[in-house]
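Geometric and topological summary
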Amino acid sequence: MKKNIVIVGGGTGGLSVMRNLHRKRKDVQLTIVEPSEKHYYQPLWTLVGAGILPFEKSVRNFKDYIPSDVRWVKDKVAQFQPESNQLISEGGETFSYDYLVVAAGIQLDWNKVEGLAENLGKNGVCSNYSKDHVNYTWEVMNHIRGGRALFTFPNTPIKCAGAPQKVMYLAEETFRNNKIRERVEVKFISAGTSIFGIAKYRAFLEKLVLKRNINTLFQHNLIKIDGVKKIATFKNVETGAELEEAFDMLHVTPPMSAPEFIKKSPLANDAGWVDVDRFTTRHNRFSNIFSIGDASSLPNSKTGAAIRKQGPVLVSHLLADIDQKKSNQKYDGYASCPLVTSRSTCVLAEFDYDGNPAETFPFNQAKERYSMYLLKKIFIPFMYWNLMMRGYF
Ligand code: FAD
């Protein structure tokens, strides 16, 4: 009998794993549960928010990526019942599975900052993390004529930890192009302790912010926005003291956490993520369940690039189970972050679980290069749509 595999989420992780399984095996029945008609390639939003590419370049119809013999359930999963190998959708349907893959992404907690949800998309408050407001980032960036441009980083795990500063470099370049740079203060205000977690790239980026005359303030978490007065309030994560900062442009990276339906499920670890083994992507308690991507507890930097390395490991362990064999494949924590620093330069950061650089090219990648910008703007999106989303990792 065909094994029944259910995949939750049709984003980068869910769709690529589904297509890879479909390509490799005809003896499995695949079901994918995804509520959205559209699939978004989110990494392009950095370029959309800087007016470099139109939003439409980041969107495709989900149905165009679903083979005819795969069942697409256009609904949300509401509950997991791993003891009975079942899940229940919001529409009330119950699904049974032999194997389950959870790839439901990360939740954006807009309501955890007072005044953020109400002001997003107006009063100079923008975010590349919101598909509905990413065009507004460009509007604000290109129309500001002076004052203060602030870029925040929250005190939670986030997807693409480089994105909060990529938008800042592109804004700073825009202010120079618009001949208003000397009238705008550019400031990065982060709840973290440094500009980037990985030592090799941090050293480069610390010099870059100095060179570009960008101010930095660490250990300060955004807690409140007054859109009318254009005041953002930050809390010192050490002392609890509050600090008010005036702004004309405020790019917010919202707090994020595991999706609510996962947090309250038996699949979650204490922090709310799907509790999987960091090397095999297999659930630590339910051996027929796997998870990759932003929803998983894998302690890597949450990126689509990481999924490109997690996917083959997950598939090899799942298929080995079906064949009653063993897989020795291990995920080493690889993640990558193309740090766009202007409309013609990019630093390609690549690293593993231990923070060691895991670079692809035979040159020092902690350097701004035009070739890496072309990779980010043209080559990686091409690979994403034509290879990864068609089952080739
Ligand atoms: P997603 O791709 O977010 O997909 C999750 C899917 O689950 C969605 O389709 C959603 O509809 C679905 N879902 C949610 N709830 C349910 C439910 N209850 N039931 C069923 N389905 C559900 N990564 C890079 O590698 N490089 C970059 O340069 C980069 N830049 C970025 C810039 C920005 C501005 C942003 C926002 C992200 C960036 N990323 C980048 C991160 C990357 O997009 C994510 O890490 C990646 O998409 C995660 O894939 P995922 O499958 O875990 O989640």
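Treat the numbers as computed from the prediction; the structure is a model and nothing was measured.

Parameters at a glance
Residues numbered from 1 in each chain as written. Predicted model: local features only at pLDDT ≥ 70, side-chain atom pairs only at ≥ 80, totals over all residues. Heavy atoms only, no water. Domains from an automatic or database assignment. Buried area = accessible area lost by both parts, 1.4 Å probe. Salt bridge = Lys/Arg side-chain N within 4 Å of Asp/Glu carboxyl O. Polar contact = N/O pair within 3.5 Å; in protein donor to acceptor, adjacent residues only side chain to side chain. Helix = DSSP H or I, 4+ residues; strand = E, 2+ residues; numbered from the N terminus. Nonpolar A, V, L, I, M, F, W, Y, C, P; charged D, E, K, R; others polar. Buried < 20%, exposed > 50% of the residue type's maximum accessible area, 1.4 Å probe, protein only. Contact = heavy atoms within 4.5 Å. Expected span 1.5 Å × (residues − 1). Pairing = 2+ DSSP bridges. Axes fitted to C-alpha atoms, helices over the stretch in contact; angles between N-to-C directions. Phe/Tyr/Trp six-rings, centres within 6.5 Å; stacked < 30°, edge-to-face > 60°. Lys NZ or Arg CZ within 6 Å of the ring centre and 35° of its normal. Near = heavy atom within 4 Å.

Here we come to the domain arrangement of the protein chain. Domains assigned within the protein chain are domain 1 (3–106 + 258–333 + 384–390) and domain 2 (109–256). Taken over both partners, the interface formed by domain 1 and domain 2 buries close to 1,400 Å², and the fraction arising from carbon and sulfur atoms is 64%. Taken as a group, W45, T46 and I106 account for 33% of the area that domain 1 buries against domain 2, more than any other trio of residues on that side. In this structure, the connection of domain 1 to domain 2 is made through zero salt bridges. At the junction of domain 1 with domain 2, the criterion picks out three residue pairs in polar contact (both at pLDDT 80 or more). Counting residues per element, the side of domain 1 that touches domain 2 draws most heavily on helix α2 (residues 45–48), at three residues. Grouping the amino acids of the side of domain 1 that touches domain 2 by side-chain chemistry returns eight nonpolar, five polar and two charged.

This part is about the pattern of salt bridges. Counted by the stated rule, this structure contains 19 salt bridges. Among the salt bridges present, the one from K74 reaches E37, with a minimum N-O distance of 3.6 Å. With a gap of 37 residues between them, K74 in the loop between β5 (71–73) and β6 (77–81) and E37 in the loop between β2 (28–33) and β3 (38–40) connect regions that are remote in the sequence. What makes K74 partly exposed here is its relative accessible area of 45%. On the accessibility criterion, E37 (45% relative accessible area) is partly exposed.

Turning our eyes to something else, we now look at the side chain of T280. Structurally, the position occupied by T280 is in the loop between α7 (260–263) and β20 (289–291). Under the relative-accessibility criterion, T280 is labelled buried at 16%. Here T280 is in contact with F290, V313, L314 and H317, once residues within four sequence places are set aside.

Another point: helix α1 (residues 12–24). Between its first and last C-alpha atoms α1 spans 18 Å; for 13 residues at 1.5 Å apiece the expected length is 18 Å, and the two agree. All of the buried residues in α1 are T12, G13, G14, L15, S16, V17, M18, R19, N20, L21 and H22. Buried residues belonging to α1 abut β1 (3–8), β2, β3, β9 (99–102), α8 (304–322) and α9 (370–386).

As summarised here, the arrangement of the five strands in space is β5-β2-β1-β9-β20, forming an open sheet in which the pairing is parallel. Because the sheet does not close on itself, it has two edges, and the strands there are β5 and β20. Ignoring which end each strand starts from, the neighbouring axes of this sheet average 20 degrees apart. Bridging between β1 and β9 involves four bridges; their strand directions are parallel. Bridge pairing in β9 links I5 to Y99. Its contacts with the sheet put α8 on β1, β2, β9 and β20, and the angle it makes with β9 is roughly 170 degrees.

On to the environment of I106. Structurally, I106 can be placed in the loop between β9 and β10 (107–108). For I106, a relative accessible area of 11% puts it in the buried group. I106 has contacts with P157, I158, K159, M256, S257, P259, W273, D294 and K302, leaving out every residue within four places of it along the chain.

For the rest of this paragraph, the subject is the packing of aromatic side chains. For the structure on display, the rule yields 14 aromatic pairs. When the centroid spacing of 6.1 Å and the interplanar angle of 65 degrees are considered together, the rings of Y41 and W385 count as edge-to-face. Within this pair, whereas Y41 is found in the loop between β3 and α2, its partner W385 is found in helix α9, the two being separated by 344 residues in sequence. With a relative accessible area of 5%, Y41 lands in the buried category. Grouping aromatic residues by their ring pairs yields a cluster made of Y41, Y65, Y384 and W385. Stacked on the ring of W385, the Lys or Arg R60 has its end atom at 4.3 Å from the ring centre. Its guanidinium or amino end placed over the ring of Y353, R278 lies 4.3 Å from that ring's centre, counting from NZ or CZ.

Spatially, β6-β7-β8 is the arrangement adopted by the three strands of the open sheet, whose pairing is antiparallel. At either margin of the open sheet sits one strand with a lone partner, and together these are β6 and β8 (94–96). On average, adjacent strands in this sheet sit at an angle of 25 degrees to one another, irrespective of strand direction.

With that settled, consider the site of the ligand. Lining the immediate surroundings of the ligand are 33 residues, of which G13, E34, V77, D294 and A305 lie closest. Q42 is positioned with one of its side-chain polar atoms (N or O) 3.1 Å from an oxygen atom of the ligand. A305 places a polar main-chain atom, nitrogen or oxygen, 2.8 Å from an oxygen atom of the ligand. Those elements giving two or more residues to the shell around the ligand turn out to be α1, α5 (163–177) and α8. Counting residues per element, the shell around the ligand draws most heavily on α8, at three residues. Of the residues assigned to the shell around the ligand, the class counts are 14 nonpolar, 12 polar and seven charged. Of the domains in this structure, domain 1 (3–106 + 258–333 + 384–390) and domain 2 (109–256) are the two that each give at least three residues to the shell around the ligand.

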